[in-house]
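The chain contents come next:
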Amino acid sequence: MIEARGLTKVYRDTTAVDGLDFRVEPGHVTGFLGPNGAGKSTTMRMILGLDRPTSGSVKVNGREYQGLVWPLHQVGALLDARAVHPGRSAYNHLRSLAAANGIARIRVDEVLETVGLTGVARKRVGGFSLGMSQRLGIAGALLGDPGVLLFDEPVNGLDPDGILWIRTLMRSLAAEGRTVLVSSHLMSEMALTADRLLIIGEGRLLADSAMNELIARH
Ligand code: ADP
Ligand code: ADP
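Residues numbered from 1 in each chain as written. Chains lettered and ligands numbered in written order. Predicted model: local features only at pLDDT ≥ 70, side-chain atom pairs only at ≥ 80, totals over all residues. Heavy atoms only, no water.

## Some details on helix 1 (residues 40–48)
Then, number 1: Among the 9 residues that make up helix 1, 7 are buried, leaving the element largely enclosed by the rest of the structure.
Then, number 2: Within helix 1 the residues assigned to the buried category are K40, T42, T43, M44, M46, I47 and L48.
Then, number 3: Remark: G49 follows helix 1 within two positions and exhibits a positive phi of approximately 100°. (Buried < 20%, exposed > 50% of the residue type's maximum accessible area, 1.4 Å probe, protein only. Helix = DSSP H or I, 4+ residues; strand = E, 2+ residues; numbered from the N terminus.)

In structure tokens, the structure reads:
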């Protein structure tokens, strides 16, 4: 569960996020829809703890940010800010992420299998396509078996099979009772993926509704 109250982020001269109030419940895929620059990434960074709110708060499972990024076993995130050393293999990247977070080595093999990278696990990630890099990022997000997952524009760079794959993955994560928040600038994508929708524009919440109610109204 994620709960934002008056969540605000002001950069120098830009109000990126402007007083957001919302809840993201477990057991659903919640879509976070808005045009580029609406404040989706900034909100996700604040949920993860990478960025501190200027005012307001965001709680994850009832607890507020304590000055640290949430551990991998609580929040997993696919945010493009995460740099991966290009000379490393996918396996070594995940292995060291696991080691740094006290996660058992067996999880590395499991998540590589889940994202379909087992066959290329020993290859340098620098040679990966965008789609493969997205899958590796998703593997990192799943590594700690977290209850809360954040996916920022996850279908970018994926081919149609990859898009279908990630949609299915997000739904099964939600069906397991996890909290899943996924951003996109495409309503067509959200309509196929999310069962709840938060719509954001210029840092403000424009709609918060079940997908079927939203579609019925328009
Ligand atoms: P979205 O993810 O919806 O595309 P962002 O959260 O990336 O939107 O950006 C929201 C606004 O905040 C934009 O105007 C963007 O230029 C600005 N912004 C984002 N990050 C920073 C930053 N680190 N410094 C200054 N402005 C930023
Ligand atoms: P460093 O490169 O400084 O060793 P890490 O790559 O281990 O840092 O990540 C720093 C912190 O960010 C970790 O403590 C971990 O909890 C968090 N983190 C890393 N990757 C993810 C991810 N995919 N999702 C959520 N949190 C992550």
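Still to come is the rest of the account.
## Examining the sheet that holds strand 4 (residues 55–60)
Then, number 1: Taken in spatial order, the 4 strands line up as 2-1-4-5 in an open sheet, and their pairing is antiparallel. The open sheet terminates on both sides in strands that have one partner only, identified here as strand 2 (14–24) and strand 5 (63–64). (Pairing = 2+ DSSP bridges.)

## Points about the packing of aromatic side chains
The way to describe two aromatic rings as a pair is by their centre distance and the angle between their planes.
Then, number 1: Evaluated as defined, the whole model comprises 1 aromatic pair.
Then, number 2: On the basis of an interplanar angle of 50° and a centroid distance of 6.1 Å, the ring pair of F22 and F32 is categorised as tilted. Of this pair, F22 sits in strand 2 while F32 sits in strand 3 (residues 29–33), and the two are 10 residues apart along the sequence.
Then, number 3: Above the plane of the ring of Y91 lies R122, whose end atom (NZ or CZ) is 4.3 Å from the centre.
Then, number 4: Seen from the ring of W165, R135 lies directly overhead, with NZ or CZ sitting 4.3 Å from the centre. (Phe/Tyr/Trp six-rings, centres within 6.5 Å; stacked < 30°, edge-to-face > 60°. Lys NZ or Arg CZ within 6 Å of the ring centre and 35° of its normal.)

## Considering the pattern of salt bridges
Then, number 1: Summed over the entire model, instances satisfying the criterion amount to 10 salt bridges.
Then, number 2: In this structure, R178 and D145 form a salt bridge, with 2.8 Å as the shortest nitrogen-oxygen distance. Taken together, the positions of R178 in the loop between helix 5 (160–175) and strand 8 (179–184) and D145 in the loop between helix 4 (130–142) and strand 7 (148–152) put the pair 33 residues apart, joining distant regions of the chain.
Then, number 3: Linked through salt bridges whose partners overlap, the residues forming this network are E3, R5, R23 and E25. (Salt bridge = Lys/Arg side-chain N within 4 Å of Asp/Glu carboxyl O.)

## Description of the pairing of strand 6 (residues 75–78)
Then, number 1: Here strand 6 shows no split at all, with V75 and A77 on one side and G76 and L78 on the other all buried.
Then, number 2: Pairing geometry for strand 6 and strand 7, over 4 bridges, is parallel. Bridging from a neighbouring strand, L78 pairs with F151 of strand 7.

## Let's talk about the packing of helix 2 (residues 90–100) against helix 4
Then, number 1: The N-to-C vectors of helix 2 and helix 4 enclose an angle of 25°; their axes lie 10 Å apart at closest approach. Compared by their axis directions, helix 2 and helix 4 come out roughly parallel. The hand of the helix 2/helix 4 crossing is right-handed. Contact with helix 2, carried on its side by A90, H93, L94 and L97, involves L136, A139 and G140 of helix 4 and no other residues of that element.
Then, number 2: Taken together, the residues of the contact of helix 2 with helix 4 break down into 5 nonpolar, 2 polar and no charged. (Axes fitted to C-alpha atoms, helices over the stretch in contact; angles between N-to-C directions. Parallel < 35°, antiparallel > 145°, perpendicular 65-115°, else oblique. Left-handed = near helix turned anticlockwise from the far one by under 90°. Contact = heavy atoms within 4.5 Å. Nonpolar A, V, L, I, M, F, W, Y, C, P; charged D, E, K, R; others polar.)

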